[in-house]
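Geometric and topological summary
For reference, the chains in residue letters:
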Amino acid sequence: MNPLKKPSLKTAAVAIAGVCAFLNLYAPQPVLPLLAHVFGVSAGKISLIVSAATLGVALGAPFVGIIADRIGRKRVIVISLFGLGVSTMLTAVAPNLGLVIFFRFLTGIFTPGIIASILAYIAEEWESAGAAKTTARYVSATVLGGFIGRFLTGFLGEHGLWWVSFLVLGFATVIGAIAVQRWMPASRNFVRVPGWRKNLSGFVGHLRNPILISAYAVGFSVLFSLVGTFTYITFHLAGAPYFLSPAGQGMLFFVYLIGLVITPMSGPWIHKIGHNRVVPLAICCSIAGVLLTLAGPFILVIAGLALCCSGVFVCQAASSGYVGLCAKSSRSAATGLYVTFYYLGGCAGSTIPGIIWKDSGWTGCVAMIVCVQLVAGAISFFFWKPVARPSSLIERQG
């Protein structure tokens, strides 16, 4: 192999892992109304297909970093990709809803092995300038993967082939795993961590830190709002007066591509005016977007979803960055806990609004989502304090 091509293949492997990590996680959202009809269950019960996966991510996130610290980043990434692909294909052939939910839970369990390990791999294997560019490419790949998964599922669901989409997505993930195995070089700068006790003690310490707890609460609220909005808006738009088909539901997620622009642009603003001021502003934007979905014209609903996405993406960038700055030690453990609370929010957001949906429909769901966002904005405004950015890479890594 030409040595000049190795860096590009390494970057391609990281991007492929990013696409595959989110190709499957939220893929069922556009076909939830269809699946509710297929399995003969309520909106709240069929949403367990989404919440099972996010619960798996939440439970696996704190521990996958510990495993990767012992056996290596690349090994965890590749194993997770193969597990993710196989569990997604098994979802397609599951004979009943119970097994579908179980395999979706397995999908969630394997996902954090990619998310956490890729970021650590980038930090270890690239110089600082290259690491920033590669991380940006990885984040863009995750957004693209999330869109492709939803779009494909919606398109195939239009023709009653929702199960085929899981086969295709799972197979694509396995192919991605093979590519990553071949193209991602073994870690050169990985240092094996022999013990578990330090990591576990770090978890306990962070859970006693009120500032970090407030950041975790905001992270919980961020994904609660996003998943709750995009899970139950599908049921709203499947009914009168829109009667949106599965393919149309898949097209909704074009608004997710705004994250490719908004997320990189938010960095300078967060640095300039502070995490504790950016989050309330972003939440105001998101609330305006969610409320706009109550308007009648479909174009205003789409505009509202775009505003909602924009606000949530900025909140996520600010809150996750705030955790890294506030944790004075064991930053990997602090980040792992943030991911746990973040995806617990997603699990709650795909489940709890279903209770409201049964009696109050989309209007009730919007009211709940707005209340959660107001709480998050208040927490960041009153409890977060301005923090200085660490002066060195060593300090950042803790």
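Definitions and cut-offs
- Residues numbered from 1 in each chain as written.
- Predicted model: local features only at pLDDT ≥ 70, side-chain atom pairs only at ≥ 80, totals over all residues.
- Heavy atoms only, no water.
- Helix = DSSP H or I, 4+ residues; strand = E, 2+ residues; numbered from the N terminus.
- Buried < 20%, exposed > 50% of the residue type's maximum accessible area, 1.4 Å probe, protein only.
- Axes fitted to C-alpha atoms, helices over the stretch in contact; angles between N-to-C directions.
- Parallel < 35°, antiparallel > 145°, perpendicular 65-115°, else oblique.
- Left-handed = near helix turned anticlockwise from the far one by under 90°.
- Patch = residues over 30% accessible without salt bridge, like charges linked within 9 Å, V, L, I, M, F, W, Y side chains within 5 Å.
- Areas by Shrake-Rupley, 256 points an atom, 1.4 Å probe, with all protein chains shown as cover.
- Salt bridge = Lys/Arg side-chain N within 4 Å of Asp/Glu carboxyl O.
- Disulfide = S-S within 2.5 Å.
- Phe/Tyr/Trp six-rings, centres within 6.5 Å; stacked < 30°, edge-to-face > 60°.
- Lys NZ or Arg CZ within 6 Å of the ring centre and 35° of its normal.
- Expected span 1.5 Å × (residues − 1).
- Polar contact = N/O pair within 3.5 Å; in protein donor to acceptor, adjacent residues only side chain to side chain.
- Contact = heavy atoms within 4.5 Å.
- pLDDT = per-residue confidence, 0-100.

**A short note on unusual backbone geometry**
The omega torsion across Ala240 and Pro241 is 0°, close enough to zero to call that bond cis. Structurally, Pro241 can be placed in the loop between α10 (210-238) and α11 (246-252). Notably, Phe243 is not glycine yet its phi reads approximately 50°, a positive angle. Its place among the elements puts Phe243 in the loop between α10 and α11. Under the relative-accessibility criterion, Phe243 is labelled exposed at 59%.

**Some points on the packing of helix α5 (residues 73-93) against helix α8 (residues 162-183)**
The contact between α5 and α8 brings their axes to 7 Å, and the two run at 165°. Of the possible angle classes, the one that applies to α5 and α8 is roughly antiparallel. Regarding α5 and α8, the two cross each other, and that crossing is left-handed.

**Re a nonpolar patch on the surface**
A contiguous nonpolar surface patch, about 360 Å² in accessible area, is contributed by Phe82, Phe171, Ile175 and Ile178. No other element matches the three residues that α8 contributes to the nonpolar patch.

**Overview of the state of the cysteines**
Using the criterion set out here, one finds zero disulfides in the structure. In this structure Cys284 is a free cysteine whose sulfur lies 8.8 Å from that of Cys285, the closest cysteine sulfur available.

**Overview of the packing of aromatic side chains**
Tallied over the full model, the rule gives 20 aromatic pairs. Aromatic side chains Tyr232 and Trp357 sit 6.4 Å apart centroid to centroid with 35° between the ring planes, which places their arrangement in the tilted category. Residue Tyr232 is found in helix α10, and its partner Trp357 is found in helix α15 (residues 331-383); the two are separated by 125 residues along the sequence. An aromatic cluster is present here, built from Phe230, Phe253, Tyr256 and Phe313 joined pairwise through their rings. Above the face of the Tyr256 ring, Arg150 is positioned so that its terminal group lies 4.2 Å from the ring centre.

**Remarks on α10**
Look at α10: 42 Å from first C-alpha to last across 29 residues, which is about the 42 Å you get at 1.5 Å a residue. Counting buried positions along α10 gives 23 out of 29 residues, so the element sits mostly inside the fold. The distance from a side-chain oxygen at the start of α10 to the backbone nitrogen of Ile211 is 3.0 Å, and the residue carrying that oxygen is Asn209.

**Observations concerning the side chain of Ser319**
Turning to its location among the elements, Ser319 is positioned in helix α14 (residues 298-326). A polar contact of 2.7 Å, which involves the side chain of Ser319, links it to the side chain of Tyr338. Among residues more than four places away in sequence, those in contact with Ser319 are Val218, Tyr338 and Trp384.

**A look at the confidence of the model for the chain**
Of all residues in the chain, 89% have pLDDT values of 70 or greater, and the mean over the chain is 86. Confidence, read as mean pLDDT per element, is least for helix α16 (residues 393-397) in the chain (34) and greatest for α8 (95). This model gives residues 1-6 a pLDDT under 50, and the stretch forms two contacts once residues within four places in sequence are excluded. Confidence drops under a pLDDT of 50 for residues 390-398, and excluding neighbours within four residues, the segment shows 10 contacts in the predicted structure.

**Topic: the environment of Phe103**
Relative to the helices and strands, Phe103 resides in helix α6 (residues 97-125). Taking the C-alpha atoms as reference points, Phe103 and Ser87, 16 residues apart in sequence, are found 5.6 Å from one another. In this view, Phe103 contacts Ser87, Leu90, Thr91 and Ala94; residues no more than four positions away in its chain are not counted.

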